[in-house]
Number of protein chains: 2
Amino acid sequence: MSQNKHQPGRTILASTISKTYDQEIKEKLNTLKKVKPNGPLLVGFLANNDPAARMYAQWTQKTSESLGIRYQLREMEDPDFLEESIIDANEDDEIDGIMIYFPVFGNAQDQYLQQVVKKEKDVEGLNHVYYQNLYHNVRFLDPPDNQLKSILPCTPLAIVKILEFLKIYNPLLPEGNRLFGKKCVVINRSEIVGRPLAALLANDGAIVYSVDINNIQKFTRGESLKFTKHHVEDLGDYSEDLLKKCCQDSDIIITGVPSENYKFPTEYLKDGSTCINFSSFKNFDDSVKEKASLYIPMTGKVTIAMLLRNMLRLVENSLKLKEKRTQTN
Amino acid sequence: MSQNKHQPGRTILASTISKTYDQEIKEKLNTLKKVKPNGPLLVGFLANNDPAARMYAQWTQKTSESLGIRYQLREMEDPDFLEESIIDANEDDEIDGIMIYFPVFGNAQDQYLQQVVKKEKDVEGLNHVYYQNLYHNVRFLDPPDNQLKSILPCTPLAIVKILEFLKIYNPLLPEGNRLFGKKCVVINRSEIVGRPLAALLANDGAIVYSVDINNIQKFTRGESLKFTKHHVEDLGDYSEDLLKKCCQDSDIIITGVPSENYKFPTEYLKDGSTCINFSSFKNFDDSVKEKASLYIPMTGKVTIAMLLRNMLRLVENSLKLKEKRTQTN
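These figures come from a predicted structure and were not determined experimentally.

## Some thoughts on the nonpolar core
Okay, step 1: Ranked by size, the top nonpolar core spans 81 residues in total, and within it Leu82 of chain A together with Leu201, Val208 and Ile254 of chain B carry the most contacts.
Okay, step 2: With 10 residues, the top contributor of residues to this core is helix H12 (residues 300-328) of chain B.
Okay, step 3: With residues up to four places along the chain from it excluded, the contact list for Leu82 of chain A reads Phe45, Ala47, Met76, Ile100, Val104 and Leu113 of chain A.
Okay, step 4: Core analysis: the next-biggest nonpolar cluster, separate from the first, contains 79 residues, Ile17, Ile69 and Ala198 of chain A together with Ala89 of chain B among them.

Dropping the structure here:
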């Protein structure tokens, strides 16, 4: 009883959530193996000495193999050779999915590299086409046929799937509006995760406060979800007061601050909110458990499940495309 | 005589060099007007309050109109509406070229925006396809036909054209090897100018020392130009000693440091070297004139000539492509 009083909510681990995708991945894999007996091959490129990247690579390998997906880690000492290796992998028919463990150069050259991966093998969903579809709430690659589903960048997608698992997405509402009425704060506005995530959540009906060190923006589909995609409104320069105001109003707080020292102020939380941290650093301290109803301290394992799910989707898309072409000829 | 002694070389203004393209642009334009009587239309998007960007826009307008090219400046108060306006311009058949005056958001979102401009209208040459071609020394968009020339990002291209004007590119050498034997230092390794410029010069046969605040790299096509494209070698962490060593050996020093306070140390120059500054700040002080044989204090006007040249090339490419398709059908 006393424990319950101190921790009225629950902490849920990413591994609990990622496990729910094992069955789906295995089933799709079995169907695929009828066409591709060896199953798909995922290649990860590691060209840094970041221990976090190495651990992520090991997890990806372990998860892939446990589900029956072939995984190959290609390590490079000299990142200047990475681009050519990616191009070789783009052209290698044996390889179905390619991912890069970032950072490589740790600057804008990394964004160049992301676009070198052929979009048909881009399991991380980082290609410009996928981002542009995401921002425009376009869910297929071949409108108006709509047979080939677009790919979503895997960390934002993982957070959507976590919110589905946590029943924050309400399945009674029409698809695409399942966050209607929800308010979220996203602390991070990187091009890789924070900004696309804010857009995704707003596209699904939420009011999203997107926070970075400069300012706070509001992403919404307008009153009564009157727009088909999110719009952005500047609320003002970043200040603790403005952040506090946004948080006190919010059902969901999502943090992604890449710093060991950053801790989200627990006192900003409204009672019973949902807290998700996607940073590799712990952005919430333990007091969060006294205020949050649901707390997800890390998301990496769900991200890996989404990587594999994306890969299977890419393979399905390429098979459908071949079929389409055969029908046309 | 005494003046000559103090300034043994020459300062050459960008306007002198850009003028040499006026005739070429006008002639191409006259040919084009047979097919497109109104001539091409260039649209510039300005969504910041940067006075340098506004001046650049005014120059572009003035140059375009003086040569008989239609130019439209579209100003936006709210940068959050810029993406939709670009997409509208992408789809507007009346518009032939699109450019954005950066910075807009001043962060990675600007790289996203660059890729929103349709590559067929990207006069600045910022599309990933153009950069990837540049790095791989691929000069056409349609190998092996090689009828459609690839576009080069306009600032690196302007510097190449300046080096051609200055006779540093030696026309007696085979095309593609005209910098063989030359050594250059490029101080800036941004993804927009410094890194592609180093690659371009190395692809044309030079040994290039590429400098940023972290380290110094050497871009070359190998001994006796044995490779078909540049390779990169790390020389070590940035230090004044290493920079000095690279400069003392170099024929050409190119600076692009975006800071009012930075001044290249004149004492590093070897006598008679060529100095080019593409930063909007003056990276050389006046003493450069005593050491340099040729000194180009600014490059903006040549960049604008390259913008217009790129636009005409894009229009030519689209006409050729239409022709090709008609022949195929």
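Past the structure itself, the notes keep going.
## Overview of unusual backbone geometry
All names here are of chain B.
Okay, step 1: Of note, the amide linkage connecting Phe102 to Pro103 takes the cis form, showing an omega dihedral of 0°.
Okay, step 2: As for its placement among the helices and strands, Pro103 is situated in the loop between strand S4 (97-101) and helix H6 (109-116).
Okay, step 3: The omega torsion of the bond from Pro143 to Pro144 falls at 5°, within 30 degrees of zero and hence cis.
Okay, step 4: By the element assignment, Pro144 lies in the loop between helix H7 (128-135) and helix H8 (154-165).
Okay, step 5: With phi around 55°, Asn146 is a residue other than glycine that occupies positive phi space.
Okay, step 6: Turning to its location among the elements, Asn146 is positioned in the loop between H7 and H8.
Okay, step 7: The exposure class assigned to Asn146 is partly exposed, which follows from its relative accessible area of 35%.

## Observations concerning helix H10 (residues 240-248) of chain A
Residues and elements named next belong to chain A.
Okay, step 1: The complete set of buried residues in H10 reads Leu242, Leu243, Cys246 and Cys247. When H10 is viewed along its axis, its buried side chains cluster within an angular range of 130° and face the same direction. Turned more than 90 degrees away from the buried face of H10 sit Asp241 and Lys245, all of them exposed.

## Quick look at the packing of aromatic side chains
Okay, step 1: Across all of its chains, the model carries 10 aromatic pairs over all chains by this definition.
Okay, step 2: When the centroid spacing of 5.7 Å and the interplanar angle of 80° are considered together, the rings of Phe284 of chain A and Tyr295 of chain A count as edge-to-face. With Phe284 of chain A in the loop between strand S10 (274-277) and helix H11 (288-291) and Tyr295 of chain A in strand S11 (residues 294-296), this pair connects stretches of sequence that are 11 residues apart.
Okay, step 3: Each ring, one from Tyr56 of chain B and one from Tyr101 of chain B, has its centre 5.7 Å from the other, and the planes form 90°; the classification is edge-to-face. Within this pair, whereas Tyr56 of chain B is found in helix H4 (residues 51-67), its partner Tyr101 of chain B is found in strand S4, the two being separated by 45 residues in sequence. There is no split in this pair, since Tyr56 of chain B and Tyr101 of chain B are both buried.
Okay, step 4: Sitting over the face of the ring of Trp59 of chain B, Lys301 of chain B holds its NZ or CZ atom 4.8 Å from the ring centroid.

## Section: the relation of the copies chain A and chain B
Okay, step 1: With an RMSD of 0.0 Å, chain A superimposes on chain B once it is rotated by 180° and translated 0.0 Å along the axis. Classification of the inter-copy transformation places it as that of a two-fold axis.
Okay, step 2: Both copies contact each other with a shared surface, as 100% of the interface residues of chain A are interface residues in chain B too.

## Considering the UniProt feature "domain: Tetrahydrofolate dehydrogenase/cyclohydrolase catalytic" (unreviewed entry) in chain A
Okay, step 1: Those places that UniProt annotates as "domain: Tetrahydrofolate dehydrogenase/cyclohydrolase catalytic" (unreviewed entry) correspond, in this numbering, to residues 14-124 of chain A.
Okay, step 2: In this annotation, residues 14-124 of chain A is assigned 50% helix and 15% strand; the end-to-end C-alpha distance for the span is 18 Å.

## Points about the sheet that holds strand S5 (residues 183-187) of chain A
Residue and element names in this part refer to chain A.
Okay, step 1: Judged by pairing direction, the sheet is mixed, and its eight strands sit side by side in the order S1-S11-S10-S9-S5-S6-S7-S8 without closing on themselves. Strands at the two margins of the open sheet, each flanked by one partner only, are strand S1 (10-11) and strand S8 (231-237).
Okay, step 2: As paired elements, strand S6 (residues 207-211) and strand S7 (residues 215-220) share four bridges and run antiparallel to each other. Paired with Tyr209 across the bridge in S7 is Lys218.

Basis of the calculations
Residues numbered from 1 in each chain as written. Chains lettered and ligands numbered in written order. Predicted model: local features only at pLDDT ≥ 70, side-chain atom pairs only at ≥ 80, totals over all residues. Heavy atoms only, no water. Core = buried A, V, L, I, M, F, W, Y, C linked by side-chain atoms within 4.5 Å. Buried < 20%, exposed > 50% of the residue type's maximum accessible area, 1.4 Å probe, protein only. Helix = DSSP H or I, 4+ residues; strand = E, 2+ residues; numbered from the N terminus. Contact = heavy atoms within 4.5 Å. Arc of directions from axis to C-beta. Phe/Tyr/Trp six-rings, centres within 6.5 Å; stacked < 30°, edge-to-face > 60°. Lys NZ or Arg CZ within 6 Å of the ring centre and 35° of its normal. Least-squares fit on C-alpha atoms with pLDDT ≥ 70 in both. UniProt positions renumbered as here; feature names shortened; annotations may be inferred. Pairing = 2+ DSSP bridges.

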